[in-house]
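Examination of the molecular architecture
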Amino acid sequence: MLYGSFEGFTTDASIVAKGPFDFITCNPPYISAGKAARMQNTVGHEPSLALVAGDGGYQAYRAIHASLAVNPNVLTQGGCIGFEIGKGMERGVRRIFEDWKEVGAFKDGQEFLRVIVFQRP
């Protein structure tokens, strides 16, 4: 497991030195601040950094996309990135990664789409 910020993770020397990677899996924060406030009883024990994202919950996805645009070679040719997404966020995440090929989408036990996998262009 590698740790780093979403902004610039593809240029972080400690991460790049371990790559390129065939697959990156990511569970970014995706709860909007407003929704987190309404869910305080459920998420109050978790650090907000792990759960709450700006831009309606899409901030981390945008930062990751921008970072991969700077250095796509952190992934192998044909490499993929898989994301956990919040309920109902698939349209927005697909829009952010519209220049990537979607190669997988998986539902949870309640039939909500929860994971989307994109392949490097």
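Here the structure is shown first, and the text comes after it.
So, here is what we can say about the structure in this document.

So, about the overall build of the protein chain. Secondary structure summary: the protein chain contains six helices and four strands in total. For the protein chain, with 121 residues in total, the buried portion stands at 37%. In the protein chain, the proportion of contacts linking residues at least 24 apart, taken out of those at least 6 apart, comes to 61%. Entry remark: accessible area of the protein chain is about 7200 Å², with carbon and sulfur atoms responsible for 53%.

Turning to the pattern of salt bridges, a few remarks are in order. As enumerated under the stated definition, the model contains three salt bridges in all. As a salt-bridge pair, Arg94 and Glu102 come within 2.6 Å of each other at their nearest N and O atoms. Accessibility expressed as a relative area gives 31% for Arg94, which makes it partly exposed. Residue classification places Glu102 among the partly exposed residues on the basis of a relative accessible area of 32%. For the salt bridge of Arg114 with Asp108, the shortest nitrogen-to-oxygen distance reads 3.1 Å. Accessibility expressed as a relative area gives 22% for Asp108, which makes it partly exposed.

Strand pairing in a sheet is mediated by backbone hydrogen bonds. Such pairs are either parallel or antiparallel. The four strands are arranged E1-E2-E4-E3 in an open sheet whose pairing can be described as mixed. Single-partner strands in this sheet number two, and they are strand E1 (21-26) and strand E3 (101-107). For this sheet, the mean angle separating the axes of adjacent strands, direction not counted, is 15 degrees.

A few words on the nonpolar core. Judged by nonpolar contacts, the single largest core of 21 residues is most densely connected at Tyr61, Leu68, Ile81, Phe83, Ile85, Phe97 and Phe118. For this core, the secondary-structure elements that each account for two or more residues are E1, helix H5 (59-70), strand E2 (75-84), helix H6 (90-96) and strand E4 (113-119).

As a further point, take unusual backbone geometry. Omega for the peptide link from Gly19 to Pro20 comes to 5 degrees, which places this bond in the cis form. In this structure, Pro20 sits in the loop between helix H1 (13-16) and E1. Even without glycine at this site, Glu111 takes up a positive phi of about 70 degrees.

Note that Asp22 resides in strand E1. With relative accessibility at 59%, the residue Asp22 sits in the exposed group. It is 8.5 Å that separates the C-alpha atoms of Asp22 and Ile81, two residues lying 59 residues apart in sequence. Apart from residues no more than four positions distant in its own chain, Asp22 is found in contact with Leu75, Thr76, Gly79 and Cys80. Within the structure, Asp22 has its side chain in polar contact with the side chain of Thr76 (distance 3.2 Å).

Rules behind the numbers
Every residue gets a number counted from 1 within its own chain, in the order that chain's sequence is written. Restriction of local features to residues with pLDDT of at least 70 applies here, the model being predicted, together with a cutoff of 80 or more for giving and counting side-chain atom pairs; totals for whole chains, interfaces and linings are based on all residues. As a rule here, side-chain values come from all non-hydrogen atoms in the structure, and water together with hydrogens is ignored. The helix and strand labels rest on DSSP assignments: H or I over at least four residues marks a helix, E over at least two residues marks a strand, and numbering proceeds from the N terminus. A 1.4 Å probe rolled over the protein chains alone gives each residue an accessible area, and that area as a share of the maximum for its type sets the label: buried under 20%, exposed over 50%, partly exposed in between. Any two residues whose heavy atoms approach within 4.5 Å at even a single point are treated as in contact. Calculation of accessible area relied on Shrake-Rupley with a 1.4 Å probe; when residues are assessed, cover is drawn exclusively from the protein chains displayed. Each reported salt bridge corresponds to a side-chain nitrogen of Lys or Arg within 4 Å of a carboxyl oxygen of Asp or Glu. Pairing between strands is defined by DSSP: at least two bridges between the two strands are required. Here the axes come from fitting lines to C-alpha atoms, over the contacting stretch only for helices, and the angles between their N-to-C directions go from 0 to 180 degrees. Among the buried residues, those of types Ala, Val, Leu, Ile, Met, Phe, Trp, Tyr and Cys that are joined through side-chain atoms within 4.5 Å form a nonpolar core. Pairs of N or O atoms are called polar contacts if they sit within 3.5 Å, as long as, within protein, a hydrogen donor faces a hydrogen acceptor (for residues adjacent in sequence, only side-chain-to-side-chain pairs).

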